[in-house]
Amino acid sequence: MNLFDVYPLYDVTPVSAKGMVVIDDKGQEYLDFYGGHAVISIGHGHNHYVKKLKNQLDNIGFYSNAVQNPLQKELATKLGQLSSCEDYNLFLCNSGAEANENALKLASFQTGKARVIAFKNGFHGRTSAAVAATDNEKINAPLNKQQKVTILPFNDLDAFTTEIEKGDVCGVILEAIQGVGGLDEPNNDFFQQVALQCKQNGALLIADEVQCGFGRSGKFFGFQHHITEQGKSIKPDIISIAKGMGNGFPVGGVLIHESIEASYGMLGTTFGGNHLACAATLAVLEVIENENLIKNTEEVGAYFVEKAKEIPAIKQIKGKGLMLGIEFDFEVGELRKKMIYNQHIFTGGAMNKRLLRFLPALNCTKEHIDLFFNALKKEL
Ligand SMILES: Cc1ncc(COP(=O)(O)O)c(C=O)c1O
């Protein structure tokens, strides 16, 4: 049997990894500023993470949601504390798309409505409603196009008001910092107004924190950069999470505001919240807390921006924390290849073809940043 050929692959075969370094089958080391697409949050093979997962596997790896699993409660408590989202309840699933699928479904259950507002260049996953809310025609099959989704530009408040006031919107989904799209962000006024008008028009606000969450932006959640005049953070009704939360273990989830009531059977999954997934996520949270990684993300991210400003070829620096992009006036496909094959450095791309993305582990250091820029200068 052959593989269903959907991925254009770089010719690199990683066989081991530690911290910021990935090693291929020929023993070549690569610096990982991509993290397997924003997934590696605490570094490859972190000792605490490996120990916790091995230990869990020695005890019990999996049982379904038909029985008690105290690890889920431990995880919900820890996540509530670290994210300052203690007034939410947690539902665990297995990926980012699934998290958004559940978020959108909940919004529809809760409001009894079916239309979704999403934003230009947004990416929410490849399943049914999640892909319909994703601004990419090419990955939407006719089946997906049956969903009622309106895609609007960020920061056009008039367009947003016109649509939300029609009264048929169940949910508005947005990324506080767009990942795949290329690191665009809604401005603060717009985000506040979106939150307010959702409330006024009976729609739920869904923050897709799959990529910008779990500390990557320099705050626990990306939307927490948006503070209201009363000094409080915006309060989404639902927050979706995945990627960095498992540091490579497939896990996703939705934080659901406690004003939304659960009922048996409303959501469900076979694998979601299994013992290994909980152990992996707990290990990530413990490392983020014990090693002060959110502060590190903010500091090292700021250092990156400082260094990037010294390079005239860089036309724009985008993003926050360690979710960063540098924009050139040329397409970066070739540059990414040169960074991999000549400099042995992984970087990321985006829908914006002139943007090189930078998504390292949150314990990346200033020395790593220096290595990156020295290598980049050689290839420019
Ligand atoms: C913001 C955002 N939401 C959702 C997804 C989908 O996540 P997954 O690939 O785990 O389904 C992604 C993936 O890149 C993403 O960046």
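Quick caveat, the model's predicted, so the values are computed rather than measured.

1. Brief notes about the site of the ligand
Next, step 1: In the vicinity of the ligand lie 14 residues, with Ser95, Gly96, Ala97, Gly125 and Val210 positioned nearest.
Next, step 2: Across the shell around the ligand, the residue classes tally to five nonpolar, seven polar and two charged.

2. A word on the nonpolar core
Grouped burial of nonpolar side chains is what soluble globular proteins tend to show.
Next, step 1: Ranked by internal contacts, the top residues of the largest apolar core, which has 107 residues, are Val116, Val172, Ile206 and Ile238.
Next, step 2: With ten residues, the top contributor of residues to this core is helix 8 (residues 275-290).
Next, step 3: Per-domain counts for this core show at least three residues from each of domain 1 (14-46 + 292-379) and domain 2 (48-290).
Next, step 4: Apart from the residues within four sequence positions on either side, Val172 is in contact with Ile117, Val194, Cys198, Ala203, Leu205 and Ile206.

3. Some points on the domain arrangement of the protein
Next, step 1: The assigned domain composition of the protein is domain 1 (14-46 + 292-379) and domain 2 (48-290).
Next, step 2: Computed from C-alpha atoms alone, the centre-to-centre distance between domain 1 and domain 2 is 25 Å.
Next, step 3: Each partner contributes to the interface: domain 1 provides 25 residues, whereas domain 2 provides 27 residues.
Next, step 4: At the level of elements, helix 1 (35-38), helix 9 (293-309), strand 11 (316-320) and strand 12 (323-327) are the ones that each hand at least two residues to the side of domain 1 that touches domain 2.
Next, step 5: For the side of domain 1 that touches domain 2, the element with the highest residue contribution is helix 9, accounting for five residues.
Next, step 6: A breakdown of the residues in the side of domain 1 that touches domain 2 according to their chemical character gives twelve nonpolar, ten polar and three charged.

4. Observations concerning the sheet that holds strand 13 (residues 345-346)
Next, step 1: Strand order in the open sheet made by the four strands is 1-2-3-13, with mixed pairing throughout. With one partner strand each, in any of the chains shown, strand 1 (14-18) and strand 13 form the two edges of the open sheet.
Next, step 2: For strand 3 (residues 29-32) and strand 13, the ladder comprises two bridges, and the chain directions are parallel. Each bridged residue has a counterpart across the sheet, and for Leu31 the counterpart in strand 13 is Ile345.

5. A few points about the pairing of strand 12
Next, step 1: Of all five residues making up strand 12, four are buried, and the element is well covered by its neighbours.
Next, step 2: The pairing of strand 11 with strand 12 spans five bridges and is classified as antiparallel. If you follow Ile317 over to strand 12, its bridge partner there is Ile326.
Next, step 3: Here strand 11 folds back onto strand 12 in antiparallel fashion, the turn holding two residues, of which Gly321 has a positive phi close to 55°.
Next, step 4: Relative to strand 14 (residues 355-358), strand 12 runs antiparallel, the two being bridged by four bridges.

6. Side note on the packing of helix 2 (residues 47-59) against helix 8
Next, step 1: Two elements in contact, helix 2 and helix 8, have axes whose closest approach is 9 Å; the angle formed by their N-to-C orientations is 155°. Taken together, the axes of helix 2 and helix 8 lie roughly antiparallel to each other. Between helix 2 and helix 8 lies a crossing whose hand is right-handed. Contacts between helix 2 and helix 8 involve His48, Tyr49, Lys52, Leu53, Gln56 and Leu57 from the first element and His275, Leu276, Ala279, Ala280, Leu282, Ala283, Val284, Glu286 and Val287 from the second.
Next, step 2: Considering only residue class, the contact of helix 2 with helix 8 consists of ten nonpolar, three polar and two charged.

7. Examining the environment of Leu276
Next, step 1: Residue placement: Leu276 occurs in helix 8.
Next, step 2: It is 7.9 Å that separates the C-alpha atoms of Leu276 and Ile60, two residues lying 216 residues apart in sequence.
Next, step 3: Excluding its chain neighbours within four sequence positions, the residues that come into contact with Leu276 are Leu53, Gln56, Leu57, Gly61, Phe62 and Phe249.

8. Looking at the sheet that holds strand 5 (residues 115-119)
Each strand in a sheet pairs with its neighbour through backbone hydrogen bonds, running either in the same direction (parallel) or in the opposite one (antiparallel).
Next, step 1: Sheet architecture is open: seven strands sit in the order 4-10-9-8-7-5-6, paired in mixed fashion. Among the strands making up the open sheet, the edge pair consists of strand 4 (88-93) and strand 6 (149-152). Sheet twist, expressed as the mean angle between neighbouring strand axes with direction ignored, is 20°.
Next, step 2: In this structure, strand 9 (residues 238-241) lies alongside strand 10 (residues 252-257), joined through four bridges in antiparallel fashion. By the bridge assignment, Ile238 is partnered in strand 10 with Ile256.

9. Topic: unusual backbone geometry
Next, step 1: A positive phi angle, close to 70°, is found at His37, a residue other than glycine.
Next, step 2: Note that His37 resides in helix 1.
Next, step 3: Within the chain, Asn155 stands out as a residue other than glycine whose phi angle is a positive 70°.
Next, step 4: In this fold, Asn155 is placed in the loop between strand 6 and helix 6 (157-164).
Next, step 5: Taking the C-beta count within 10 Å as the criterion, Asn155 has 16 such neighbours and is therefore assigned partly exposed.

10. As for helix 2
Next, step 1: Taking 1.5 Å per residue as the helical rise, helix 2 with its 13 residues ought to reach 18 Å, and the 18 Å between its terminal C-alpha atoms agrees with that figure.
Next, step 2: Among the residues of helix 2, Tyr49, Leu53 and Gln56 are the ones counted as buried. Each buried residue of helix 2 sits inside an arc of 60° when the element is viewed along its axis, so together they form one side. Of the exposed residues in helix 2, the ones pointing more than 90 degrees away from its buried face are Asn47, Val50, Lys51, Lys54, Asn55, Asp58 and Asn59.
Next, step 3: For helix 2, the elements touching its buried residues are helix 8.

Rules used throughout
Counting from 1, residues in each chain are numbered in the order their sequence is written. Totals for whole chains, interfaces and linings use all residues, but because this is a predicted model, local features are given only for residues with pLDDT of at least 70 and pairs of side-chain atoms are given and counted only at 80 or more. The C-beta atom of each residue is placed using the backbone, and any residue whose C-beta lies within 6 Å of a molecule or strand is treated as near it. Here the term charged refers only to Asp, Glu, Lys and Arg, the term nonpolar to Ala, Val, Leu, Ile, Met, Phe, Trp, Tyr, Cys and Pro, and the term polar to all other amino acids, Gly among them. Buried Ala, Val, Leu, Ile, Met, Phe, Trp, Tyr and Cys residues whose C-beta atoms connect them within 7 Å together make up a nonpolar core. Residue burial is a threshold on neighbouring C-beta atoms within 10 Å of the residue's own C-beta, all placed from the backbone, with 20 or more meaning buried, 12 or fewer meaning exposed, and counts in between meaning partly exposed. Secondary structure is summarised from DSSP: a helix means a run of H or I of at least four residues, a strand means a run of E of at least two, and numbering begins at the N terminus for each. Delimitation of the domains relies on an automatic or database domain assignment. For the purpose of contact definition, each residue receives a C-beta atom placed from its backbone, and two residues are in contact when these atoms lie within 7 Å. DSSP bridges decide pairing: two strands pair if at least two such bridges lie between them. Orientation is described by axes fitted as lines to C-alpha atoms, over the contacting stretch for helices, and by angles from 0 to 180 degrees between their N-to-C directions. Each angle is binned into one of four classes, with values under 35 degrees roughly parallel, values over 145 roughly antiparallel, values of 65 to 115 roughly perpendicular, and all other values oblique. By convention the crossing between two helices is left-handed if the near helix lies anticlockwise of the far one by an angle smaller than a right angle, and right-handed if it lies clockwise. Here a helix's expected span is defined as the number of its residues, less one, multiplied by 1.5 Å. Directions drawn from the helix axis to the C-beta atoms are what define this arc.

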